[in-house]
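Below are the chains, spelled out letter by letter.
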Amino acid sequence: MTCMIVDDEPLAVKLLESFVTKTPDLELLGSFTDSVEAINAIREQRPQLLFLDIQMPDLNGMELAHMLPTETKVIFTTAFKEYAFESYEVSALDFLLKPIRYNKFLAAVEKAREWFTVYSLPSTVNSTIFLKVDGEYRQVALSQIVYVCGMKDYVMFYLDGERKPLITYLRMKVVEEMLPSEQFMRVHRSYIVALDKIRKIDRNDCIYIGEEGTSAEIIRVTEAYRETFQQYLQSKFPGAK
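Parameters at a glance
- Residues numbered from 1 in each chain as written.
- Predicted model: local features only at pLDDT ≥ 70, side-chain atom pairs only at ≥ 80, totals over all residues.
- Heavy atoms only, no water.
- Pairing = 2+ DSSP bridges.
- Helix = DSSP H or I, 4+ residues; strand = E, 2+ residues; numbered from the N terminus.
- Axes fitted to C-alpha atoms, helices over the stretch in contact; angles between N-to-C directions.
- Patch = residues over 30% accessible without salt bridge, like charges linked within 9 Å, V, L, I, M, F, W, Y side chains within 5 Å.
- Areas by Shrake-Rupley, 256 points an atom, 1.4 Å probe, with all protein chains shown as cover.
- Salt bridge = Lys/Arg side-chain N within 4 Å of Asp/Glu carboxyl O.
- Buried < 20%, exposed > 50% of the residue type's maximum accessible area, 1.4 Å probe, protein only.
- Contact = heavy atoms within 4.5 Å.
- Core = buried A, V, L, I, M, F, W, Y, C linked by side-chain atoms within 4.5 Å.
- Phe/Tyr/Trp six-rings, centres within 6.5 Å; stacked < 30°, edge-to-face > 60°.
- Lys NZ or Arg CZ within 6 Å of the ring centre and 35° of its normal.

Caption draft 1: Looking closely at the sheet that holds strand β14 (residues 206–209). Taken together, three strands build an open sheet; the order of strands is β13-β14-β15 and the sheet is antiparallel. The open sheet terminates on both sides in strands that have one partner only, identified here as β13 (198–201) and β15 (217–220). Between one strand axis and the next, the sheet turns by 25° as a mean value, whatever way the strands run. Alignment of β13 against β14, held across three bridges, turns out to be antiparallel.

What follows is the structure in structure tokens.
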């Protein structure tokens, strides 16, 4: 994977450079202590991975993350853990807290490698996805997915006809990007549902998803996602409230 480093602390840059050098299959395209200078190089060279500090002068890491090419994914590096939640909002692959240890760096790189592997595997457009389960890649038909439930760094895919979910090492934001929006919708911080698997919706905004049986579930639409869900209902049933 190609990568770049952006951090206004020269010592932090040197440490990350040493980590990159001894990590197989990582190619460093450049390092920057000036975030404004960095954005031009990033747009020109389009690295796959960006190790990005958050607190920087002129243009901070969160602001820079919103300006990146879509193919560049971020691993944040910061001394301030309070930014962890905000990092999810810009689809960061991981969040490394300074001082960064090499084993944590390696784990983040492996997560990025798996992300890019999933997206580079061949699949039939809008019909299947590949999931890494127990060390193997399994091709799953989108039509088989009932709903997805997130648990920190793991997600569980509940499928038609299967008693146990498929558990894979991904984040919900990544899964949300993987699944086509015309077929799936996030209705809760921890849940994405297949729209064609909804059986009913009660007056309390509870979704009854899946057929009665092993994959059935009741999921409450939370406030953060209610407006989008209501817009979907109105598109299907004009006049619905």
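Let's pick the thread back up.
Caption draft 2: Region of the structure containing a nonpolar patch on the surface. On the surface, a cluster of nonpolar side chains totalling about 310 Å² of accessible area is made up of Met-151, Tyr-154 and Ile-167. Tracing the backbone shows Ile-167 in strand β10 (residues 166–168). Overall, Ile-167 belongs to the partly exposed group, its relative accessible area being 45%.

Caption draft 3: Quick look at the sheet that holds strand β1 (residues 2–6). Read from one edge of the open sheet, five strands run β2-β1-β3-β4-β5, paired in parallel fashion. Every other strand in the sheet has two partners, leaving β2 (27–32) and β5 (94–97) as the edge strands with one partner each. On average, adjacent strands in this sheet sit at an angle of 20° to one another, irrespective of strand direction. The pairing of strand β3 (residues 49–53) with strand β4 (residues 73–78) spans five bridges and is classified as parallel. Each bridged residue has a counterpart across the sheet, and for Phe-51 the counterpart in β4 is Ile-75. With respect to the sheet, helix α2 (residues 35–45) is in contact with β1, β2 and β3, its orientation differing from that of β1 by roughly 170°.

Caption draft 4: Fine view of the nonpolar core. Counting 40 residues, the largest nonpolar core has Phe-51, Phe-105, Ile-145 and Phe-157 as the members making the most contacts within it. Aside from chain neighbours lying at most four places away, what touches Ile-145 is Ile-129, Val-140, Phe-157, Tyr-158, Leu-159, Leu-179, Phe-184, Ala-194 and Lys-197. Counting residues in hydrophobic clusters, the runner-up holds 20 residues, among them Ile-42, Leu-64, Ala-65 and Ala-92.

Caption draft 5: Geometry of the packing of aromatic side chains. All chains considered together, the criterion is met by nine aromatic pairs. Consider the rings of Tyr-147 and Tyr-191, whose centres lie 6.1 Å apart with planes at 40°: the pair is tilted. Taken together, the residues Tyr-147 in strand β8 (residues 145–151) and Tyr-191 in strand β12 (residues 191–194) connect sequence positions 44 residues apart. Side by side, Tyr-147 and Tyr-191 carry an identical accessibility label, which is buried. Ring-pair connections join several aromatic residues into one group, and the members of that group are Phe-19, Phe-51, Tyr-102 and Phe-105. Between the NZ or CZ atom of Lys-22 and the centre of the ring of Tyr-102, over which it lies, the distance is 4.4 Å. Sitting over the ring of Tyr-208, Lys-200 keeps its end group 4.5 Å from the ring centre.

Caption draft 6: The arrangement of the pattern of salt bridges in detail. Inspection of the entire model under this criterion finds 15 salt bridges. Note that Lys-14 is salt-bridged to Glu-17, the shortest N-O span being 3.9 Å. In this pair, Lys-14 and Glu-17 both sit in helix α1 (residues 10–21), three residues apart, roughly one turn of the helix. Judged by its relative accessible area of 56%, Lys-14 is exposed. Its salt-bridge partner being Asp-196, residue Lys-197 comes within 3.4 Å of it at the nearest N-O pair. You can call Lys-197 buried: its relative accessible area is 13%. In this structure Asp-196 comes out as exposed when scored by relative accessible area, which is 59%. Linked by salt bridges that have partners in common, Asp-7, Glu-9, Asp-53 and Lys-98 make up one network.

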